[in-house]
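Chains, contacts and geometry: an overview
Letter by letter, the chains look like this.
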Amino acid sequence: MDFNLSDDRRMLKESLSRFLQDRYGFETRNEIAGSEQGFSRELWTQMAELGLIGAMLPEEVGGFGGEGFDVMTVMEELGRAIVVEPVLPTAVLGAGVLADAGSNSQKALLEKVISGELLLAFAHGEPQSRYSLSDITCQAEKTDDNWVLDGQKAVVLNGDTADKIIVSARTSGTDDEEDGLTLFLIDADARGVSRRGYATVDGGRAAEITLEDVAVGVDAVIGEPGKAFPVIEEAIGRGILAVCAEALGAMDVAKDMTLEFLQTRKQFGVPLGKFQVLQHRMVEMCLEIEQARSATILAAGRMKEDRATRETALSAAKNLVGRSARLVAEESIQMHGGIGMTWEYALPHFAKRLTMIDHLFGDADHHLERFAALSQAS
Amino acid sequence: MDMNFTPEEIAFRDEVRGFLKDKLPEALAAKVKGGKRLLKADYELWHKRLNERGWLAWHWPVEQGGTGWTPIEKHIFEEECVAAGAPRVVPFGLNMLGPVLIKFGSDEQRAHYLPRILNGDDWWCQGYSEPGSGSDLASLKTKAVRDGDHYVVNGQKTWTTLGHFADWIFCLVRTDSDCKPQQGISFLLIDMKTPGITVRPIVTLDGEHEVNEVFFEDVRVPIGNLVGEENKGWTYAKYLLTYERTGIAGVAFAKSGLAHLKQVAAKQMKGRKPLAQDPLFASRVAQVEIDLMAMETFNLRTVSAAQHGGVPGVESSMLKIKGTEIRQEITDLLRRALGPYAAPFVPEGLDEGYNEPPIGPDYANPVASQYFNMRKVSIYGGSNEIQKNIVAKMMLGL
Ligand SMILES: Cc1cc2nc3c(=O)[nH]c(=O)nc-3n(C[C@H](O)[C@H](O)[C@H](O)COP(=O)(O)OP(=O)(O)OC[C@H]3O[C@@H](n4cnc5c(N)ncnc54)[C@H](O)[C@@H]3O)c2cc1C
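Since the structure is predicted, the reported quantities are computational estimates derived from the model, not experimental observations.

**Looking at the overall build of chain A**
When its secondary structure is counted, chain A shows 12 helices and 10 strands. Over its C-alpha atoms chain A spans a radius of gyration of 21 Å, differing by no more than 12% from the 21 Å that the globule rule assigns to 378 residues. Each of the three principal axes of chain A carries a C-alpha extent, and together these read 80 × 50 × 40 Å. For chain A, the residues scored as buried account for 55% of the 378 residues in total. Across chain A, the fraction of contacts at a sequence separation of at least 24, relative to all contacts at a separation of at least 6, is 74%.

**Section: helix H3 (residues 41-50) of chain A**
Residues and elements named next belong to chain A. Every buried residue of H3 is accounted for by Leu43, Trp44, Met47 and Ala48. The arc enclosing the buried residues of H3, seen along the axis, measures out at 145 degrees, which places them on a common side. In H3, the exposed residues that point more than 90 degrees away from the buried face are Arg41 and Glu42. Residues of H3 that are buried in the fold lie against helix H1 (7-23) and helix H7 (110-114). Where H3 terminates, the next one or two residues include Gly51, which has phi positive at roughly 100 degrees.

**Concerning the domain arrangement of chain B**
Split into domains, chain B comes out as domain 1 (7-89), domain 2 (124-236) and domain 3 (250-394). Domain 1 of chain B and domain 2 of chain B are separated by 30 Å when their C-alpha centres are compared.

**Re the site of the ligand**
Around the ligand, the surrounding shell holds 29 residues, and the nearest of these are Gly337 and Gly338 of chain A together with Tyr128, Gly134 and Ser135 of chain B. Taken together, the elements giving at least two residues each to the shell around the ligand come down to helix H9 (276-301) and helix H10 (307-336) of chain A together with strand S1 (124-127) and helix H12 (384-394) of chain B. No other element matches the 3 residues that H12 of chain B contributes to the shell around the ligand. When its residues are assigned to classes, the shell around the ligand shows 13 nonpolar, 13 polar and 3 charged.

**Observations regarding the packing of H1 of chain A against helix H4 (residues 68-80) of chain A**
All names here are of chain A. Where H1 meets H4, the closest approach of the two axes is 10 Å, and the angle between their N-to-C directions is 20 degrees. Relative to H4, H1 is oriented roughly parallel. Considering only the axes of H1 and H4, their crossing is right-handed. Residues Arg9, Leu12, Lys13, Leu16, Ser17 and Leu20 of H1 form the contact with H4, whose own contacting residues are Phe69, Asp70, Thr73, Val74, Glu77 and Arg80.

**Structural notes on the nonpolar core**
All names here are of chain A. If you look at the biggest cluster of nonpolar residues, it comprises 217 residues, and the most contacted ones within it are Phe184, Leu241, Ala247 and Leu354. Sort the elements by how many residues they give to this core and helix H8 (residues 229-264) lands first, with 17 residues. In this view, Leu354 contacts Ala247, Ala250, Met251, Ala254, Ala325, Val328 and Ala329; residues no more than four positions away in its chain are not counted.

**Points about the domain arrangement of chain A**
Residues and elements named next belong to chain A. By the assigned domains, chain A splits into domain 1 (7-118), domain 2 (121-226) and domain 3 (230-377). Put simply, the middle of domain 1 and the middle of domain 2, counted by C-alpha atoms, are 23 Å apart. Residue-level contacts link 17 residues of domain 1 with 18 residues of domain 2. Secondary structure elements with two or more residues in the side of domain 1 that touches domain 2: helix H5 (87-101) and helix H6 (104-108). Looking at which element gives the most residues to the side of domain 1 that touches domain 2, the answer is H5, with 7 residues. Of the residues in the side of domain 1 that touches domain 2, the class split is 10 nonpolar, 7 polar and no charged.

Quick notes on the rules
- Residues numbered from 1 in each chain as written.
- Chains lettered and ligands numbered in written order.
- Predicted model: local features only at pLDDT ≥ 70, side-chain atom pairs only at ≥ 80, totals over all residues.
- Helix = DSSP H or I, 4+ residues; strand = E, 2+ residues; numbered from the N terminus.
- Rg over C-alpha atoms; globule rule 2.2 N^0.38 Å.
- Buried ≥ 20, exposed ≤ 12 C-beta atoms within 10 Å, placed from the backbone.
- Contact = placed C-beta atoms within 7 Å.
- Arc of directions from axis to C-beta.
- Domains from an automatic or database assignment.
- Near = placed C-beta within 6 Å.
- Nonpolar A, V, L, I, M, F, W, Y, C, P; charged D, E, K, R; others polar.
- Axes fitted to C-alpha atoms, helices over the stretch in contact; angles between N-to-C directions.
- Parallel < 35°, antiparallel > 145°, perpendicular 65-115°, else oblique.
- Left-handed = near helix turned anticlockwise from the far one by under 90°.
- Core = buried A, V, L, I, M, F, W, Y, C linked by C-beta atoms within 7 Å.

Here you go:
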């Protein structure tokens, strides 16, 4: 066993870390998050140049990584700066699906994704589906030489700024059957697509997307019609790993900020850190973060294993991160007192991101149940 | 033991219900229940309605224009108001300063300020905390120096809730630095229009403007605005805090929050069934409901002891801790109930005139913001850690 990062990954981590320190201070981040687009094109391009997107993808499609630990390395650094650029929807979800199941011409698009020119979104969840991956009612019907899509997609990350959108739709089966789902790659400005974008609580952007008689060619299908569920599950699996790693970075920063605060803020004539009750709570935070880190490492290492092994590890990680992120978010605000409640201060923004990660790809309870179900099945 | 309300208390409850039905505007109740942003005018309207009925000052004795209610009656009243969706009574003048003036103020002060509070002429805010003095309030530094028949005040207050609406601020100021910190504090009433006062907004993590910083630069305050005796302010301040604390426990808010949570869980779907029927979620809701039932009874035991002459002391700290934990848990479950729809952040949707269709379910928009905002209840009014220190000392003698 070797728990050290490879040299390549360590170098990527270091250059990314330096870049974010120089160019992505908290004030810059908040300005970007509050802007109309919700991210900076300029910084996005620079991140792409640094190799951040390529690192998430395998060599066959022009990347230079794509393994669990690559995703983890990049996302953890991004979490340390609570980066709002659309890395998750474009590089992890969207590009991941194309690399995994795309046709040759669809895979060819990845070159532009890797260079930062093309933005993707993954429109899967629907208003009724909550965290279920198979509860899809959006319909796609085959006409002579087209597919026609109708339906609604909910809280699509980066949905309002993406150039191309991967949409899941039901082509057979009913309600929440896993079988019968198909993925399509559509242009964001295709006829019949309407998008209502909005900001999210944690500084990102998302959109409600309505598809009304959206006609696409047969070449828009990704992979085999009706057989998309495993592709979707793997994409979400990478998403889970990505946000777990992001949470680790954000938790570390929140913990460090709290520690520094306790060392410097004085009340009753002593630094707050002298109060043993607060010391113990800092220790609790550290313990939980270590648990979350271990679970995430385990999941990263199991990304290539069989489904049961991989998904069990992912659900374990997401459950642990959900619990520890809540603890860190709430405790670090509490231990900061009033200052932890202020918009101008960085900490609560970390806390908000940590909290909202629990609402992505299934919360702690969802993954607790899923873990139980998976381990009963095996 | 008799755990039921007396017939008189039930009659009182019905009277309150009748009043709310007649006098609480539906649009206002809908705003409160929908988690919309309240304007100053909304609070003022509700204060006015209550005052017309003589029900605005529940902590004041009848001779001062208060209701003279028993603790149980106050409890009933608050619970009914919250359940009906009434705005909260802004506590600073009515529930904080009022009782202090009644107990420690001069006759002139009572005659001048109390009617003005009732009539809504003066909106008050609370100037206790400072950047360097939060939990350790007694270390406060804002200084008041005697100069003829004025005090000259210099310093800064912070976290001043609704200070941007306020006409007056009651402040703790340092009038003596050569003694134990607690012994050199005075309680001053300051007109916010006095030259030298600057109010700056603090935006909180939910993007809202509710608290402020207040700066004092050579602010001249007539000596007649001193409450009680010079250097005795700490006693008055602590007296006020027990009123503040019991309010923060918020049994009524927790109950209406729980009812709302259950409604939401009945509407949210999980696996094509209402979330309310999901065993895991249902058990989380049940858990908090059990805690709340017990806490409500604890509150009634305390209230009823006060009715029979007992003084809530350490119980107010215990209630504050449990009550705030429960309120926070309820907002946490509400947030989790929404699933992905907790994420949209549409602050303009909290405005009255907003007419766009909601994103996701119509109850979703305020939920995440309220969860984050609710972090404050374990911080203010004396943080929960400080309450535990009080309990450890006063009850356990540790
Ligand atoms: C939304 C909001 C509204 C407010 N409104 C008002 C207002 O209207 N007027 C007003 O005067 N103030 C107001 N406050 C201020 C509030 O009373 C203070 O925030 C509170 O007293 C805590 O002080 P602090 O923020 O300086 O935190 P600190 O005192 O610095 O505490 C930081 C952390 O250390 C902990 N801690 C401190 N001492 C100890 C100890 N001895 N043992 C263990 N733990 C300890 C605290 O519990 C907290 O978790 C408001 C605060 C908020 C957040």
